[in-house]
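# Structural overview for review
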Amino acid sequence: MGFDERADTWDKLDRRQALADAITHAIVKKIPLEGSMHLLDVGAGTGLLSRRLKPYVKRITAVDNSAGMLRNLAKNTPEIETVQADILKYRAPETFDGIISSMTLHHIEETKTVMKHLRSMLKEGGFIALADLAPERGDFHDNGNEGVYHFGFDEKTIGEAAREAGFEHIFYDIVYTIEKEGKDRYYEIFLLTAKA
């Protein structure tokens, strides 16, 4: 089942809400957000992260390739702009103060390419705040691993991709742990922050 088909029930899982809360808290703690900022949310889905960060900034543009997810985002938070696009093909009409993302990187095959693309869309001094899975055994996803290219990222690998893209002040922090029902282990979530 794809993201379009799961869009209407996506927000109903408590663990997704808790994860979005934790990532929001980590970003707000780490990044000095300002009321004049325009952020880009990559792989925004239904806007779980965008809607929590919207009160801190002026604008958020949400990009996702799932029409169903964005339809739900627009219905629940109409003040967030939505763009249906593959992030690697998206060419923004302007640069952003910051780029945020939650649980999207492991769905993108070319990590170094996407890092360079994100860097190109940032103003000088802009930031990234990207949350995703730390290394796991490949059993995180309940519906198999279709569309999954990475079983998480370690600090060295993701840090090198950010450095090669031209980012500085790179930090990798574990900010949350997911416990999934029926699984025998926990899944750590990191937040990667860096400056352009």
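Figured I'd write up the structure that's included with this text.

With that settled, the discussion passes to the packing of aromatic side chains. Scanning the model with the defined rule gives three aromatic pairs in all. Seen in terms of ring centroids, Phe140 and Tyr187 are 5.1 Å apart; in terms of plane orientation they differ by 75°. Their pairing is edge-to-face. One end of the pair, Phe140, is in the loop between strand E5 (122-133) and helix H6 (155-164); the other, Tyr187, is in strand E7 (residues 186-195), and 47 residues separate them in sequence. Classification of Phe140 by relative accessible area gives buried; the value is 6%. Take Tyr187: its relative accessible area is 1%, and that puts it in the buried class. When the ring of Tyr172 is compared with that of Phe190, the centres are 4.6 Å apart and the planes differ by 15°; the resulting orientation is stacked. Of the two residues, Tyr172 is situated in strand E6 (residues 168-179) and Phe190 in strand E7; the sequence distance between them amounts to 18 residues. Residues Tyr172 and Phe190 agree in their burial class; the two are buried. Of the aromatic side chains, those joined through ring pairs into one cluster are Phe153, Tyr172 and Phe190. Taking NZ or CZ as reference, Lys30 lies 4.2 Å from the ring centre of Phe171, over its face.

For the rest of this paragraph, the subject is the pattern of salt bridges. Per the stated rule, a full pass over the model turns up nine salt bridges. Across the pair Asp21 and Arg52 runs a salt bridge whose closest N-O atoms are separated by 2.6 Å. With Asp21 in helix H2 (residues 14-30) and Arg52 in helix H3 (residues 50-53), this pair connects stretches of sequence that are 31 residues apart. Judged by relative accessible area, Asp21 falls into the partly exposed class, the value being 43%. We classify Arg52 as buried; its relative accessible area is 18%. Notably, a salt bridge pairs Lys123 with Asp97, separated by 3.2 Å at the nearest N-O pair.

Our next topic: the sheet that holds E6. Read from one edge of the open sheet, seven strands run E3-E2-E1-E4-E5-E7-E6, paired in mixed fashion. Edge positions in the open sheet fall to strand E3 (81-84) and E6, since each of these has one partner strand only. Neighbour-to-neighbour, the strand axes of the sheet open up by a mean angle of 15°, direction not taken into account. Both E5 and E7 contribute to a ladder of seven bridges, which runs antiparallel. Residue Ala131 lies in a different strand from E7, and its bridge partner there is Leu191.

Cut-offs used in this document
- Residues numbered from 1 in each chain as written.
- Predicted model: local features only at pLDDT ≥ 70, side-chain atom pairs only at ≥ 80, totals over all residues.
- Heavy atoms only, no water.
- Phe/Tyr/Trp six-rings, centres within 6.5 Å; stacked < 30°, edge-to-face > 60°.
- Helix = DSSP H or I, 4+ residues; strand = E, 2+ residues; numbered from the N terminus.
- Buried < 20%, exposed > 50% of the residue type's maximum accessible area, 1.4 Å probe, protein only.
- Lys NZ or Arg CZ within 6 Å of the ring centre and 35° of its normal.
- Salt bridge = Lys/Arg side-chain N within 4 Å of Asp/Glu carboxyl O.
- Pairing = 2+ DSSP bridges.
- Axes fitted to C-alpha atoms, helices over the stretch in contact; angles between N-to-C directions.

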